[in-house]
Amino acid sequence: MKNTSNLPSTLQEAIAHFADPEHCFDFAISLRWPDGKVTCPRCGSDQHSFISTRRIWFCKGCKKQFTMKVGTIFEDSPLGMDKWMAGLWLLVNCKNGISSCEVARDLGITQKSAWFMMHRLRLAMQTGSFRKMTGEIEVDETFIGGKARNMHRTKREQFITGTGGKDKVAVMGILERGGEVRTAIVDNRRKKVLQDEVKKHIQAGSASTPMH
C-alpha cells in the first residue's frame, strides 16, 4: 500500500487526488483496515490473493471474492469510491457543515445520491467505523419520553396529547454480540422503517434476533 499521509488540503486538490484510482483505493483501504491487515469480511481470514486488475481479493478461507466495499457503508451504493472519498473530504473539512445540494453540485451527482452519501458518512463518523455489524445481532426499539403520571398537570397538558407512543421519540438499539452497540432515532415502528435501519448497520447474512 502506498503512503496516504500526504492528503489534499483544498477542494481542488481533493478532487484531483481522489480522481486517481490508486490514490482513492489506497486511502479507502487505510480507512477500512487501519492496521494494514486485509481480512475477509465474511469469514475473517487473512489468507487471500489480490487481483490487481480488478482490485478485488479472493479469500482462500471461504473461497469467495470480496471488494473494499463489502461489509461497509459503501457496499450497496452504485457510486464509485472516488465520489465517496471526495464526499468524505468535503464533510470533514467544511467546519460550518455542508448540504446535500452543495455536495451534489461539487461531485456532479444527484441531490438524492448526495443526501444518501452524507447520511451514511455522518453515521460512520458517529460510530467511528465504516464497517457494518456482523455475526449475531440483537435489535430492539422503544419510545423515549417522560411518563404522564410523573409530570405536573400543566406540563402533562402541554406535552401529552395522546396515549401509547404519541408525543414520544422512537429509538432503535442494535447490539453486536461481543462487539459494539449502536442507537438511532427512527420515525416510527413500522416494519419497513425498522428494516431499512437494519440494512444500514448490519451486513447481509448476519443473524438478527429481537432483544428480550
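What counts, and where the lines are drawn
- Counting restarts for each chain: residues are numbered from 1 in the order of the written sequence.
- Local features in a predicted model are, by the rule used here, given only for residues with pLDDT of at least 70; side-chain atom pairs are given and counted only at 80 or more, and totals for whole chains, interfaces and linings are based on all residues.
- Based on all heavy atoms of the structure, the side-chain values leave hydrogens and waters out of the count.
- The helix count covers DSSP runs of H or I at least four residues long, the strand count covers runs of E at least two residues long, and both are numbered beginning at the N terminus.
- Residue burial is assigned from relative accessible area. The probe radius is 1.4 Å, only protein chains are included, and a residue is buried under 20% of its type maximum, exposed over 50%, and partly exposed in between.
- Pairs of residues are marked as contacts when any of their non-hydrogen atoms sit within 4.5 Å.
- Methods summary: accessible areas were calculated by the Shrake-Rupley approach with a probe of 1.4 Å, and residue burial reflects only the protein chains presented.
- A pairing counts as a salt bridge when a side-chain nitrogen of Lys or Arg comes within 4 Å of a carboxyl oxygen of Asp or Glu.
- A helix is expected to span 1.5 Å for every residue after the first.
- As used in this structure description, the phrase polar contact means that two N or O atoms lie within 3.5 Å; if the pair is within protein, one of them must be able to donate a hydrogen and the other to accept it, and residues adjacent in sequence are counted only when both atoms belong to side chains.
- When two rings of Phe, Tyr or Trp (its six-membered ring) have centres within 6.5 Å they constitute a pair, described as stacked for plane angles under 30 degrees, edge-to-face for angles over 60, and tilted for the intermediate range.
- In our convention, an over-ring charge means Lys NZ or Arg CZ found within 6 Å of a ring centre and within 35 degrees of that ring's normal.
- Starting at the helix axis, one direction is taken to each C-beta atom, and the arc is that of these directions.
- Working definition of a nonpolar core: buried Ala, Val, Leu, Ile, Met, Phe, Trp, Tyr and Cys residues. They are joined through side-chain atoms within 4.5 Å.

Along its length, the chain carries seven helices and seven strands. Secondary structure elements of the chain occur, N-terminal to C-terminal, as α-α-β-β-β-α-α-α-β-α-β-β-α-β. The buried share of the chain, reckoned over its 212 residues, is 35%. Partitioning the intrachain contacts of the chain with sequence separation of at least 6 by distance along the chain shows that 58% fall at a separation of at least 24. About 12,900 Å² of surface is accessible on the chain, with carbon and sulfur atoms providing 52% of the total.

Moving on: the environment of Ile98. Relative to the assigned elements, Ile98 resides in the loop between helix 3 (81-93) and helix 4 (100-107). Sequence separation of Ile98 and Met118 is 20 residues, and the distance between their C-alpha atoms is 9.0 Å. Setting aside its immediate chain neighbours within four residues, Ile98 contacts Leu90, Leu91, Val103, Asp106, Met118 and Arg122.

Time to look at the pattern of salt bridges. On inspection of all chains with the given rule, the structure shows three salt bridges. We note a salt bridge from Arg55 to Glu22, for which the minimum N-O separation is 2.8 Å. In this pair, Arg55 sits in the loop between strand 1 (48-51) and strand 2 (56-59) while Glu22 sits in helix 2 (residues 21-32), placing the two residues 33 residues apart along the sequence. What makes Arg55 partly exposed here is its relative accessible area of 29%. In this structure, Asp46 and Lys37 form a salt bridge, with 3.3 Å as the shortest nitrogen-oxygen distance. Using a relative accessible area of 33% as the deciding quantity, one classes Asp46 as partly exposed. With a relative accessible area of 45%, Lys37 lands in the partly exposed category.

A word on unusual backbone geometry. Despite not being glycine, Arg55 shows a phi value in the positive range, around 55°. The backbone of Lys63 sits at a positive phi, close to 60°, despite the residue not being glycine. Locating Lys63 in the fold gives a position in the loop between strand 2 and strand 3 (65-66).

Our next topic: helix 2. For helix 2, which comprises 12 residues, the first-to-last C-alpha distance of 16 Å matches the rise-based estimate of 16 Å (1.5 Å per residue) to within 8%. Its side-chain oxygen at 2.8 Å from the backbone nitrogen of Glu22, Asp20 defines the N-terminal cap of helix 2.

A few words now on the packing of aromatic side chains. Applying the stated rule across the entire model yields eight aromatic pairs. Ring geometry for Trp57 against Phe66: centres 5.4 Å apart, planes inclined by 10°, an arrangement best described as stacked. One exposure class covers both Trp57 and Phe66, and it is buried. Taken together through their ring pairs, the aromatic side chains of Phe25, Trp33, Phe50, Trp57 and Phe66 make up a single cluster. Lying across the ring of Phe25, Arg55 places its NZ or CZ 5.8 Å from the centre.

For helix 4, the set of buried residues is Ser100, Val103, Ala104 and Leu107. Looking straight down helix 4, one finds its buried side chains confined to an arc of 100°; they lie on one side. Those residues of helix 4 hidden inside the fold are in contact with helix 1 (11-19), helix 3 and helix 5 (111-127).

In terms of nonpolar packing, the biggest core is built from 36 residues, with Met68, Met85, Met117 and Leu121 touching the most fellow members. When residues of this core are traced back to their parent elements, those giving at least two are helix 1, helix 2, strand 2, helix 3, helix 4 and helix 5. Sort the elements by how many residues they give to this core and helix 3 lands first, with eight residues. In this structure Met85 touches Phe18, Cys24, Phe27, Ala28, Leu31 and Phe74, once residues within four positions along its chain are discounted. By size, the runner-up hydrophobic cluster in this structure holds eight residues, among which are Val139, Val186, Leu194 and Ile202.

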